[in-house]
Structure formats: C-alpha cells, structure tokens
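Working through the structure, step by step
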Amino acid sequence: MGSKSAADAPDLKGEPARNPRTPPWREPWTSLPGVGRWADLPGQERFWRIAYVVSQVAVRGLLALVLLTVATNTGVLSSDGSVAKRGTALATHCESTGPVSRAGLGWYWACEAQITWSDGTETRKKFLNSELTPENETRPEPVVYRKVRNSADQIAVDKPMPFIGLGYALFVALVFATFYGVRIPGLPPMPAERRAERRRRVRLQWWQPLALPIGWGLVVAGGLGTASAAMGRSVLVIVLGFVALVAGWFVSQGRRKYGVLEPKVLPPDQTRRFGKVGRLLVIFGSAAAVLSAVTAFPEWLNVISAVAVPLAVVAVGWRLSLVANRRSGGTDLAETASNRTS
C-alpha cells in the first residue's frame, strides 16, 4: 500500500482533507513541470492544479476590471487637483467601445473632441467612458483643466459627481479583493462527503458567514449616502463596513488554512440565551430601521445610509436565532470524522 501524504490525512481541527491541499504558489520549486514532484503527480491532479491557477488569474483580472469600472464611472480618476482653467469641448468623432475597454466593463462612447479654452487657446483630447456622446457633436460640453501634483494634469468634463464617495469607499475594498482573490467553488472539486461536512459546519457558525455580506453592504450603503447631506453618518457606516470586511477576511484566511473548523458545542442554556439575544436584535433592529427610514425620508440615498446599520443588526439577530434553533434541534450535530472519539 502506498503511503498517504500529510495533506491527505483528516484535519482534526478543520474539515477532513481540506481542499485544495496546498496552494500552488506554496509548492517547492521541485514541483515545476517536468521537475521533481510535478512529474510524479497523476494527470488529474496536474489538471486541477493548473485549473486552479488559471481560475485565480482570471478572478483577479475580472476584479481589476470591476475596480477600473467603478473608478471611472464614479469620478475617482478625474476628480483630483485644482481647476486651472475652463473651456468647452465639441465632439468631432465618436465610436462605441466595449464590452472591455480602457473604461472597464460595459459599452461606452469614446469621442475625439476639439477643446476651446476661455483664453482662446485650443487643444484636442479623446474622452472615454461616455463623457461625451454623439449628441456633443452639435452641443458643446463644459470642461475643466486640473493641475495635479506629482501626476499628469487632467482634462475632464465639468459635471456633478455625486457618487464619488461610493467610488472611494469601494476603491480600497476592491484593490484588496483584487490582490487577495476569490475562491471559485468546485476548483478543485470537493468530494460530496467533505462538501456536506463543510456545509454542516457553516450552518452552525454564529456570525462568520455574515461578515463579508454585511461588510460589502455597509460599504456600498455608506458610499451612496455620501451623496446626501448626512456625510458624517455615511462615513461611519463605511468605517463599520471596513471593520466587517476585515473580520470576514480573517474568517476567509482561517478557512483557506485550516478548512471550516468544527463549531464549539455550547451548553443548552447558553444556546437558548443566544437565541433570545438574536430575537431581541431582530425586534430592536427592525424598529431602528423603520425610525431611521422615516427621519431620512424622502431622500432615498439618505434612507439607504440610515437603515444600513439597523438592517445589519437585524441580519445578525436573525442568524443568532436561526443557529440557536439548529443547535437546539440537534439536526446538524451529527458525529463527524473530526469530532469522533475512539
């Protein structure tokens, strides 16, 4: 019988034979194609390692395009610097670009334009991201020239950018996500038994599955709220969103390293207390969300920012109550390879 590697053995802390066993970038140099361990791997294992690396490159490329799309459409890339002079731009030629272009994802107009400045000088520039459209071949659009310290000067269409706060809020999170990547389910494939065990453990976790969804939700809601008058509250919502995203990152790191850990078994009375706390959070969070919406109405961006935190409290309370019911019912507490005693 062949010997099993340590990666094939059940993990007593996490799920059995966590998946994937070893990230490709942590393999020794001897695992390169045709050298050492790589040459000894079965064909199927080679295929899934290559597929995993390719998928991570694709994920990071897609996230980079999403980052560029958000930055260009919210004005992050054309809002810095003081205005040095003003003028008008008249489009001379426009063409449609997409679905992937220098403006990111989507279909946009890219227009060559003749710019006439207030001092009478003229220049030409190509505007991307539908800053100008074919309509501007007959209707001039106001533009500004901005002086940017330690960077190239910018010429941009002079128009309101209400969602620039959303752009800056998402910029930081998306930059991190682009470097960190996102695991694609099924690459490499996980056996049905391990997948069921993983799902069972996730179902019994109190708050961990909510960290990333709540974090992204708060960042988006706070970013949208920066377009309203309640700037201070929106910034607080964004900060809380970043805190949740950091917590979600630690959860993700733990899963990548150890798998999904076996949830700690709590005494029945403590489980019931968690359930009671969860129901109270749902009640108070719902009341706070209604009150916040009423006070922020009718400005819908202000409403979104106002109800974001109360709704996050409702989500946490609902999760605590749900998990308490699952643990009390005992349907998800089946014996597994990682908690079995001899």
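Right, let's walk through the structure included here. (Residues numbered from 1 in each chain as written. Predicted model: local features only at pLDDT ≥ 70, side-chain atom pairs only at ≥ 80, totals over all residues. Heavy atoms only, no water.)

Here we look at the environment of alanine 312
Assignment of secondary structure puts alanine 312 in helix α8 (residues 300–329). Here alanine 312 is in contact with Ile214 and Leu218, once residues within four sequence places are set aside. (Helix = DSSP H or I, 4+ residues; strand = E, 2+ residues; numbered from the N terminus. Contact = heavy atoms within 4.5 Å.)

Side note on the state of the cysteines
Summed over the entire model, instances satisfying the criterion amount to one disulfide. Between the sulfur of cysteine 94 and that of cysteine 111 lies a disulfide, 2.0 Å long from S to S. Looking down the S-S bond of the cysteine 94 and cysteine 111 bridge, the torsion is 115°, so its handedness is right-handed. Taken together, the residues cysteine 94 in strand β1 (residues 82–97) and cysteine 111 in strand β4 (residues 108–117) connect sequence positions 17 residues apart. (Disulfide = S-S within 2.5 Å.)

Points about the pattern of salt bridges
If you walk through the whole model with that rule in mind, you get nine salt bridges. Note that arginine 139 and glutamate 135 form a salt bridge whose closest N and O atoms lie 3.4 Å from each other. Take arginine 139: its relative accessible area is 40%, and that puts it in the partly exposed class. In this structure, glutamate 197 and arginine 200 form a salt bridge, with 3.3 Å as the shortest nitrogen-oxygen distance. You can see glutamate 197 and its partner arginine 200 sitting in helix α4 (residues 192–203), three residues apart, about one turn around the helix. Salt bridges sharing partners connect three or more residues here, namely Glu197, Arg200, Arg201 and Glu262. (Salt bridge = Lys/Arg side-chain N within 4 Å of Asp/Glu carboxyl O. Buried < 20%, exposed > 50% of the residue type's maximum accessible area, 1.4 Å probe, protein only.)

Details of the packing of aromatic side chains
Counted under the stated rule, the structure contains seven aromatic pairs. For the ring pair tryptophan 249 and phenylalanine 250, a centre distance of 4.9 Å and an interplane angle of 70° mean the geometry is edge-to-face. Residue classification places tryptophan 249 among the partly exposed residues on the basis of a relative accessible area of 25%. For phenylalanine 250, a relative accessible area of 55% puts it in the exposed group. Ring pairs connect the aromatic residues Phe176, Tyr180, Trp249 and Phe250, which therefore count as one cluster. (Phe/Tyr/Trp six-rings, centres within 6.5 Å; stacked < 30°, edge-to-face > 60°.)

Concerning unusual backbone geometry
A cis amide bond, omega 0°, links glycine 98 with the succeeding residue proline 99. You can see proline 99 is positioned in the loop between β1 and β2 (100–101). Residue phenylalanine 297 is joined to proline 298 through a cis peptide bond whose omega torsion reads 10°. Residue placement: proline 298 occurs in the loop between α7 (268–296) and α8.

So, a nonpolar patch on the surface
There is a patch of nonpolar side chains on the surface, built from Met231, Val235, Val239 and Val243 and spanning about 330 Å² of accessible area. Inspection of the secondary structure puts valine 243 in helix α6 (residues 231–258). (Patch = residues over 30% accessible without salt bridge, like charges linked within 9 Å, V, L, I, M, F, W, Y side chains within 5 Å. Areas by Shrake-Rupley, 256 points an atom, 1.4 Å probe, with all protein chains shown as cover.)

Let's talk about the sheet that holds β4
Within a sheet, adjacent strands bond to each other through the backbone by hydrogen bonds, running parallel or antiparallel. Here five strands make up an open sheet; going across it, the order is β5-β4-β1-β6-β7 and the pairing antiparallel. Lying at the two open borders of the sheet, with one neighbouring strand each, are β5 (122–127) and β7 (154–157). Ignoring which end each strand starts from, the neighbouring axes of this sheet average 35° apart. Both β1 and β4 contribute to a ladder of ten bridges, which runs antiparallel. Along β4, the bridge assignment pairs threonine 97 with tyrosine 108. (Pairing = 2+ DSSP bridges. Axes fitted to C-alpha atoms, helices over the stretch in contact; angles between N-to-C directions.)

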